[in-house]
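# Per-entry structural report
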Amino acid sequence: MTLRIFNVLGREKQDFTPLVEGRVGMYVCGPTVYDHAHLGHAKNYVSFDVVVRYLRYSGYDVLYIQNITDVGHMLESGEDRILKKAQQMQAKPMQVVERYTKSYFDDMDALGVLRPDISPRASGHVPEQIKMIETLLEKENAYVVNGSVYFDVTSDPDYGKLSNRRVEEQEEDTRGTTRDEKKHPADFALWKKAEDEHILRWDSPWGEGFPGWHIECSAMSKKYLGTTFDIHGGGIDNLYPHNENEIAQSECANDAAFANYWMLVGSLTVDSIKMSKSLGNFVTIKDALERYRPEVIRTFIVTAHYSNPVDYSEDALSAAKNGWERLYNAVRLTRQRMNYAPEGDNGNGFLERLAAVRTEFKEVMDDDFGAPRALAALQDLTRDVNTLLNDNSEVGLSVLAEIDKAYREMGGDVLGIIPAADGGDTRSAEREKALIEMLINMRAQARVNKNYAESDRIRAELAQAGVILEDRADGTIWKIE
């Protein structure tokens, strides 16, 4: 099956055909670093982490870019989020940026989110943004007013094609001074004049100022991925105006298509209301990680399709925890049995079952990255694995190894919810095996000494611990029930 993606630009599923065969250029709008990240951010970036992981699992060479917004993202009140936080903390703006950039990546690392290949900062690419603004002015897609530069939405006949909004339907801007400067209510700032109190400022052909929010993504995606690239990702709440404005300014400046596929992630909600800092209905990732394993949080997120909203509740997290534990307990049991399993492929045809689940997994992931159905396929596999291991004490090592490999690849490499066995797990299994065999040797010596009471005691205590002994002509073997 060919990978198909629901393209928000066009509102339909489309076969995925990258610009360059075997390679994918992908840009995802990153965080504005003015506070600790919350579970709403986790929903967004875990979702795209699964996308990147699956593309690579499928053999694509992915160049993944995710920006850091450290300048230019302003509130509706006209306040800069970072400057506002700096005032609250009595700190310099770049102190705020450094603190919360580190906090963001710490959270992503803890959640098992792979680092982007490049994480460009808006403040580090002001020259590229100025150059694009100059191009838009030359093409008469923008105009200068009082040291600020605005994009003229009426100059772009395609404006609104992503959000399906018509220019003439745009509402008046609520900011009085900005409304007076602009020719049209939907025009947006490419460059803002810095007032005396504004700390973050750069020289430009229009005087000292700072870039608008939208221009950074257009400039940085072009620098690292070219004028046209494969996939653009973001949150559904940024569909308008951010993503819409990105397309307009990029395609007008470059005379080329911007991104071929648009993927937008549904919001994390609380009682059906989007989780956000402004509403105060948020749970930080750090707080959530104090209560739940990162794999549980990821499981909670992938239980819904990336494009759908997910409602947060403790019941939902508890259900995800129970589901994840069922999966991982089967993995742990498989890995334990590998320490003493007989050689061979005895497993009542289970290799065929693994082949079938791999096929199912790929089919559902190829259908617009269907992680919930992929998770369901692993849950069905887990039921069958538990049945196999409970009913068949002689499962061969090669079958167990294939079961483990399937979980590692589909559950670990793609969904990121199955941890690889670390050194601690391996040492623990080795110690367990050594202790059991030491007790078996002690029992054998007791039998040689005709101390049958001691021999029976050791056998009984091992049985109580779940270790069953079977005496054979060539020695004693053991298994765990």
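What you see is a predicted model, and the numbers here were worked out from it, not measured in a lab.

Cut-offs and rules
- Within any chain, residue numbers begin from 1 and follow the written order of that chain's sequence.
- Predicted model: local features are reported for residues with pLDDT of at least 70 only, side-chain atom pairs are reported and counted for 80 or more only, and whole-chain, interface and lining totals are derived from all residues.
- To obtain the side-chain values, all non-hydrogen atoms of the structure were included, while hydrogens and water were left out.
- Going along the chain from the N terminus, every DSSP run of H or I of four or more residues is numbered as a helix, and every run of E of two or more is numbered as a strand.
- It only takes one pair of heavy atoms within 4.5 Å for two residues to be counted as in contact.
- Where each domain starts and ends comes from a domain assignment, either automatic or drawn from a database.
- Accessible area, probed at 1.4 Å, shrinks when two parts are joined; the buried area is that loss added up over both.
- Only one rule defines a salt bridge in this text: a Lys or Arg side-chain nitrogen within 4 Å of an Asp or Glu carboxyl oxygen.
- As used here, the term nonpolar core means buried Ala, Val, Leu, Ile, Met, Phe, Trp, Tyr and Cys residues forming a set that is joined through side-chain atoms within 4.5 Å.
- Throughout, exposure labels follow a simple rule: accessible area from a 1.4 Å probe, protein chains only, divided by the maximum for the residue type, with under 20% read as buried, over 50% as exposed, and the rest as partly exposed.
- Strands are treated as partners if at least two bridges between them are detected by DSSP.
- Only the stretch in contact is used when fitting a helix axis, every axis being a line fitted to C-alpha atoms; angles between N-to-C directions are given from 0 to 180 degrees.
- Under the pairing criterion, centres of Phe, Tyr and Trp rings, with the six-membered ring standing for Trp, must be within 6.5 Å; the plane angle then separates stacked pairs below 30 degrees from edge-to-face pairs above 60, leaving the rest tilted.
- We call a charge positioned over a ring when the NZ of a Lys or the CZ of an Arg lies within 6 Å of the ring centre and within 35 degrees of the ring normal.
- Roughly parallel here means an angle under 35 degrees, roughly antiparallel means over 145, roughly perpendicular means 65 to 115, and every remaining angle is called oblique.
- The predictor reports its confidence for every residue as pLDDT, a score running from 0 up to 100.
- Each helix should span, by expectation, one fewer than its residue count multiplied by 1.5 Å.
- Look down the strands so they point away from you; if going from the first strand over the helix to the second traces a clockwise path, that crossover is right-handed.

## Looking at the environment of Gly235
Looking at the element boundaries, Gly235 is found in strand 9 (residues 229-235). Between the C-alpha atoms of Gly235 and Trp262, which are 27 residues apart in sequence, the distance is 11 Å. With residues near it in sequence (within four places) discarded, Gly235 still touches Asn44, Asn243, Leu264 and Val265.

## Observations concerning the domain arrangement of the protein
Interfaces are often sized by the accessible area lost when the parts come together. The domains assigned to the protein are domain 1 (4-286), domain 2 (313-414) and domain 3 (425-480). Using C-alpha coordinates to define each centre, domain 1 is positioned 39 Å away from domain 2. Contact with domain 1, which involves 11 residues of that partner, is made by 12 residues of domain 2. Summing both partners gives a buried area of about 1100 Å² for domain 1 against domain 2, and 60% of it is carried by carbon and sulfur. Considering only the surface of domain 1 that becomes buried against domain 2, Arg53, Tyr54 and Tyr57 emerge as the three largest contributors, covering 52% of it. Between domain 1 and domain 2 we count 1 salt bridge in total. Residues Lys13 and Asp367 are paired through a salt bridge, measuring 2.6 Å at the closest nitrogen-oxygen approach.

## Focus: the nonpolar core
Judged by nonpolar contacts, the single largest core of 86 residues is most densely connected at Met26 and Phe369. Tallying contributions element by element places helix 1 (residues 39-57) first for this core, with 10 residues. In terms of domain composition, this core takes at least three residues from each of domain 1 (4-286) and domain 2 (313-414). Discounting residues that sit within four places of it in the chain, Met26 has contacts with Phe48, Val51, Val52, Leu55, Leu63, Tyr64, Ile65, Leu225 and Ile231. Grouped together as the second largest cluster of nonpolar side chains are 21 residues, Ile65, Ala122, Ala194 and Leu200 included.

## Looking at the pattern of salt bridges
It is possible for side chains of opposite charge to pair when their charged atoms get near one another. Under the defined criterion, the tally for this structure stands at 28 salt bridges. Notably, a salt bridge pairs Arg335 with Asp404, separated by 2.7 Å at the nearest N-O pair. Residue Arg335 is located in helix 10 (residues 314-337), and its partner Asp404 is located in helix 13 (residues 397-414); the two are separated by 69 residues in the primary sequence. Neither residue differs from the other here; Arg335 and Asp404 are each classed as buried. As a salt-bridge pair, Glu454 and Arg457 come within 2.7 Å of each other at their nearest N and O atoms. Taken together, the positions of Glu454 and Arg457, both in helix 15 (residues 452-464) and 3 residues apart, correspond to about one turn of that helix. With relative accessibility at 37%, the residue Arg457 sits in the partly exposed group. Taken together, the salt bridges that share partners define one network made up of Arg353, Asp380, Arg383 and Asp384.

## What about the side chain of Ser218?
Here Ser218 shows up in helix 6 (residues 215-225). The exposure class of Ser218 is buried, given its relative accessible area of 1%. Other than its neighbours up to four places away in sequence, Ser218 contacts Met132, Glu246, Gln249, Ser250 and Phe258.

## Section: the sheet that holds strand 4 (residues 61-66)
Ordered by their spatial adjacency, 4 strands build an open sheet running 4-3-9-10, and the pairing between neighbours is parallel. The open sheet has two edge strands with one neighbour each: strand 4 and strand 10 (259-265). With direction set aside, neighbouring strand axes in the sheet form an average angle of 20 degrees. Pairing analysis gives 3 bridges linking strand 3 (residues 23-28) to strand 9, with the strands arranged parallel. In the strand pairing of strand 9, Val28 is matched with Gly233.

## Details of the packing of aromatic side chains
What the rule picks out here adds up to 14 aromatic pairs. Centroid distance Phe258 to Trp262: 6.0 Å. Interplanar angle 50 degrees. Geometry classified as tilted. Here Phe258 matches Trp262 in class, with each residue buried. Of the aromatic side chains, those joined through ring pairs into one cluster are Tyr27, Phe229, Phe258 and Trp262. Stacked on the ring of Tyr143, the Lys or Arg Lys183 has its end atom at 4.5 Å from the ring centre.

## Some points on the packing of helix 9 (residues 294-302) against helix 10
Here helix 9 crosses helix 10 at 110 degrees, and the two axes come no closer than 8 Å. In terms of axis orientation, helix 9 runs roughly perpendicular to helix 10. Contacts from Glu295, Val296, Ile297, Thr299 and Phe300 of helix 9 reach helix 10 at Ala316, Leu317, Ala320, Lys321 and Trp324.

## Remarks on the confidence of the model for the protein
Across the protein, the average pLDDT comes to 89, with 92% of residues at or above 70. Note that residues 172-177 has pLDDT below 50 and, in this model, 10 contacts with residues that lie over four places away or in other chains.

## Structural notes on helix 7 (residues 239-254)
Counted at 1.5 Å a residue, the expected span for helix 7 with its 16 residues is 22 Å, and the 21 Å between its end C-alpha atoms agrees. Burial runs high along helix 7: 14 of the 16 residues are buried.

## Structural notes on the sheet that holds strand 12 (residues 273-274)
Taken in spatial order, the 3 strands line up as 12-11-13 in an open sheet, and their pairing is mixed. Where the open sheet ends on each side, the last strands, each with one partner, are strand 12 and strand 13 (310-311). Note: strand 11 (residues 268-270) against strand 12, 2 bridges, orientation antiparallel. What sits directly across from Thr269, in strand 12, is Lys274.

## Examining the pairing of strand 3
Looking along a regular strand, one sees the side chains alternate between the two faces of the sheet. Of all the 6 residues making up strand 3, 5 are buried; the element is thus mostly covered by neighbouring parts of the structure. One ladder, built from 6 bridges, connects strand 3 with strand 4; its direction is parallel. Residue Val28 lies in a different strand from strand 4, and its bridge partner there is Gln66. Handedness of the strand 3-helix 1-strand 4 crossover: right-handed.

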